[in-house]
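Each chain, written out:
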Amino acid sequence: MLKAYKYRLYPDKEQIEFINKTIGCARFIYNKMLGDKIEYYKETKKMLKNTPSQYKKEYEWLKEVDSLALANAQMNLDKAYKNFFRDTKAGFPKFKSKKKSSNSYTTNNQKGTVYIENGYIKVPKLKTKIRIKQHRNFVGEIKSCTISKTKTNKYYISILVDIDIKPLPKRDNKVGIDLGLKEFTICSDGYRVPNPKFLRSTEKCIKFLQRSLSRKQKGSSNRDKARLKLAKAYEKLTNQRKDFLHKLSAKLINENQVLVIEDLKVSNMVKNHKLAKAISEVSWYEFRTLLTYKAQWYGRELIIAPGNYASSQLCHVCGYKNADVKNLGLRAWKCPCCNTEHDRDMNASYNLLKLAI
């Protein structure tokens, strides 16, 4: 099974120059090949089959960087084209922007060209080894690695490893998980996690930094300093959210054999302008993604409730459906059929648990 490990890099000046140059060349070859494909199709109505090697005669500086990075840029472009023609939801490939696109390049491990040794990592084409903060070890064959640069001028490497992941010991626990805004998760076993609301806690600071950036003259060093401060604020917010989601998903996967969650249509829910900000902040979709692949790794079962399953409206005791519960302001209700008093969220988690049983 393939698993990625991400580490912080601390390159020196020469290594930074090489990494930045490789990132720029990978972005250039992607845009150049895409542009030529578009022009060729306009003239001939046929698909152009071009490769990075065709451009090295005209642009000799492409020879200075890792050829595998250029080859992977071509593969990404070909994949984008295939997705466009095969999947109706995928859009036409877009040109990569230096400001908007993620600054990264991918290279492959060919006969041991990528390896870690004594706190340093060796990558193809670069003569010297880069200092790496390897906070956790792995055992497996390195397939490829992606070196990326963040907007805060930090460098990371994501190493893709072919590793044998051992499933966790089986447990008898089953849990229904209801997702909410006031409380992030309400579990059928009584475990509740409040919504940390990281954005709300840093919103004033971010707004102040955004106003400060807008006042700076374009191209000035002060604008670069203000942009860096804003990027660091957003980076901290992202790291806080990821840390929270990873720890919570790991806890639920470790403690339960079967997990049931709702099939929330987030794209439809954010159309409600009163709740759009709060819904986007909680990252329900990312949480579901984490549970999905961690359950696959560690031998757990994740059940997604049907989209039409009214977990909040159904009485978990007698099955009576109360249409009044569609009102989000109704946090508690009494079943007119069996007289059971319900907490809205706990009742939903009990109903989700029924799908596991």
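Structural data are supplied above this passage.
The structure reproduced in this document is the subject of the present report. (Residues numbered from 1 in each chain as written. Predicted model: local features only at pLDDT ≥ 70, side-chain atom pairs only at ≥ 80, totals over all residues. Heavy atoms only, no water.)

**Section: the pairing of strand S5 (residues 130–133)**
Only one face of S5 is buried, namely the one carrying Ile-130 and Ile-132, since none of Arg-131 and Lys-133 on the opposite face is buried. In terms of strand pairing, strand S4 (residues 120–122) meets S5 through two bridges, oriented antiparallel. Counterpart to Ile-121 in the pairing with S5 is Ile-130. (Buried < 20%, exposed > 50% of the residue type's maximum accessible area, 1.4 Å probe, protein only. Helix = DSSP H or I, 4+ residues; strand = E, 2+ residues; numbered from the N terminus. Pairing = 2+ DSSP bridges.)

**Digging into helix H8 (residues 344–356)**
Residues lying three or four places apart along an α-helix face the same way, a consequence of the helix completing one turn every 3.6 residues. When you tally the buried positions in H8, you get 10 out of 13 residues, the bulk of the element. Among all positions in H8, only Arg-344, Asp-345, Met-346, Asn-347, Ala-348, Ser-349, Asn-351, Leu-352, Leu-353 and Ala-356 are buried.

**So, the pattern of salt bridges**
Enumeration according to the criterion identifies 14 salt bridges in this entry. Residue Glu-255 is joined to Lys-251 by a salt bridge in which the shortest nitrogen-to-oxygen separation is 2.7 Å. Residue Glu-255 and its partner Lys-251 are located together in helix H4 (residues 221–255), separated by four residues, close to a single helical turn. A relative accessible area of 30% means that Glu-255 is categorised as partly exposed. In this structure Lys-251 comes out as partly exposed when scored by relative accessible area, which is 28%. One salt-bridge network, held together by shared partners, links Glu-183, Arg-192 and Asp-343. (Salt bridge = Lys/Arg side-chain N within 4 Å of Asp/Glu carboxyl O.)

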